[in-house]
Amino acid sequence: MMDGFKLHRAYLDRAAQAAMVKDIRECLTSAPLFQPVMPRTGKSFSVRMSNAGPFGWVSDKAGGYRYQARHPVTDTPWPPIPDSILSVWRALADYDAEPEACLINWYAPDAKMGLHRDTDEDDRDAPVLSISLGDSAVFRIGPPEKGAKTASVKLESGDVCLLTGPARESRHGIDRVLGGSSTLLNAPGRINVTLRRVSVP
Ligand code: MD3
Ligand code: FE
């Protein structure tokens, strides 16, 4: 596997996963899921998203990919990052500043995320931390260059990935969700939470 890709399989036990889902649902009550739209083409993402923390990632046709302090629909500040999620960063990130963005991705069983790089953050020396909840998914990761060879990894509920260095610069995406593979959520689907630094500390 690529340098800088660290997978903590089953880092969260079932009780910790359930507690985190409860906290995420509470975030979504104040900051509902929205449907991001790609710049220029206006094509919708199949993944729905929301955020917690000082900054949230958003995208629309005119403004493109960016971080902003307010929800694009409600125009209110994002809720704080729940302690259950912050504690995972504090335990694993080995970075001297708190995360500023907690992106919540909701995958219905037919949703996917095409190969892309994460380049909207000013602080690219900070790791990205990802937590998978609910149905398993097939994650694909490879070097930054288009056409380079990629590797597939199944991400399951409770898994935590830490991406630093070369892996932080990787092209990656979600090929498919294995609908019904987990009983954690009330319905089929998957939640992915990513923690990031946005600004240079
Ligand atoms: C590698 N999320 O939010 S998680 C994303 O499952 C994103 O929702 C996917 O790609 C998901 O940008 C993959 C693993 C992951 C997350 C962030 C990364 C891998 C990453 C950032 C840089 C490099
Ligand atoms: Fe990404």
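Residues numbered from 1 in each chain as written. Chains lettered and ligands numbered in written order. Predicted model: local features only at pLDDT ≥ 70, side-chain atom pairs only at ≥ 80, totals over all residues.

Details of the overall build of the chain
When you go through the chain residue by residue, the secondary structure sums to three helices and 12 strands. Relative to the compact-globule value of 17 Å for 201 residues, the chain shows a C-alpha radius of gyration of 16 Å, a close match. Its C-alpha atoms give the chain principal-axis dimensions of roughly 40 × 40 × 35 Å. Residue burial in the chain is summarised as follows: out of 201 residues, 32% are buried. In the chain, of all internal contacts separated by at least 6 residues, the share reaching a separation of at least 24 is 77%. (Helix = DSSP H or I, 4+ residues; strand = E, 2+ residues; numbered from the N terminus. Rg over C-alpha atoms; globule rule 2.2 N^0.38 Å. Buried ≥ 20, exposed ≤ 12 C-beta atoms within 10 Å, placed from the backbone. Contact = placed C-beta atoms within 7 Å.)

What to know about the site of ligand 1
In the vicinity of ligand 1 lie 16 residues, with Asn105, Asp118, Val128, Ser130 and Asn192 positioned nearest. The set of elements that each furnish at least two residues to the shell around ligand 1 consists of β5 (101–107), β7 (128–134), β10 (160–163), α3 (165–168), β11 (171–177) and β12 (190–196). (Near = placed C-beta within 6 Å.)

Considering the nonpolar core
In this structure, Ala52, Ile85, Cys102, Ile104, Leu129 and Val193 are the most contacted members of the largest nonpolar core, which totals 32 residues. Put simply, the parts of the chain that give this core at least two residues each are α1 (14–30), β2 (48–52), β3 (56–58), α2 (83–92), β5, β7, β10 and β12. Once you skip the residues sitting within four places of it in the chain, Cys102 turns out to touch Asn51, Ala52, Gly53, Ile81, Ile85, Val193 and Leu195. (Core = buried A, V, L, I, M, F, W, Y, C linked by C-beta atoms within 7 Å.)

Let's talk about the UniProt feature "binding site: Fe cation" (unreviewed entry) in the chain
UniProt marks His116, Asp118 and His172 with the feature "binding site: Fe cation" (unreviewed entry), using the numbering shown here. Separation in sequence by 57 residues is not matched in space for these annotated residues, since their most distant C-alpha atoms are only 8.9 Å apart. On the secondary structure map, Asp118 appears in the loop between β6 (113–116) and β7. For Asp118, a count of 18 C-beta atoms within 10 Å puts it in the partly exposed group. (UniProt positions renumbered as here; feature names shortened; annotations may be inferred.)

Quick look at the UniProt feature "domain: Fe2OG dioxygenase" (unreviewed entry) in the chain
Following the UniProt record, one finds the feature "domain: Fe2OG dioxygenase" (unreviewed entry) at residues 98–199. The span residues 98–199 shows a helical share of 4% and a strand share of 46%, and its end C-alpha atoms are spaced 11 Å apart.

Description of the environment of Ser46
In this fold, Ser46 is placed in the loop between α1 and β2. The partly exposed category is assigned to Ser46, around which 14 C-beta atoms lie within 10 Å. As a C-alpha pair, Ser46 and Ala187 span 141 residues in sequence and 17 Å in three-dimensional space. Here Ser46 is in contact with Asp110, Ala111 and Lys112, once residues within four sequence places are set aside.

Regarding unusual backbone geometry
Non-glycine residue Ala10 carries a positive phi angle of around 55°. Within the fold, Ala10 resides in the loop between β1 (5–8) and α1. Its 12 C-beta neighbours within 10 Å are what place Ala10 among the exposed residues. Positive phi, normally seen in glycine, also occurs at Asp75, with a value near 60°.

Section: the sheet that holds β12
Pairing within the open sheet is antiparallel, and its six strands lie in the order β1-β10-β7-β12-β5-β2. Sheet topology places β1 and β2 at the edges, where each strand pairs with a single neighbour. Strand-to-strand, the axes of this sheet are offset by a mean angle of 20°, without reference to chain direction. Sheet topology note: the β5/β12 ladder contains seven bridges and is antiparallel. Looking at the pairing, Trp106 lines up with Ile191 of β12. (Pairing = 2+ DSSP bridges. Axes fitted to C-alpha atoms, helices over the stretch in contact; angles between N-to-C directions.)

Some words on α1
The end-to-end C-alpha separation of α1 is 25 Å, in line with the 24 Å expected for 17 residues at 1.5 Å each. Turning to α1, its buried residues number three or more, namely Gln17, Met20, Ile24 and Cys27. Across the axial projection of α1, the buried residues extend over an arc of 75°, all falling on one side. Residues of α1 that are exposed and angled more than 90 degrees away from the buried face: Arg14, Ala15, Lys22, Arg25 and Thr29. On its buried face, α1 is in contact with β2, α2, β5, β7 and β12. (Expected span 1.5 Å × (residues − 1). Arc of directions from axis to C-beta.)

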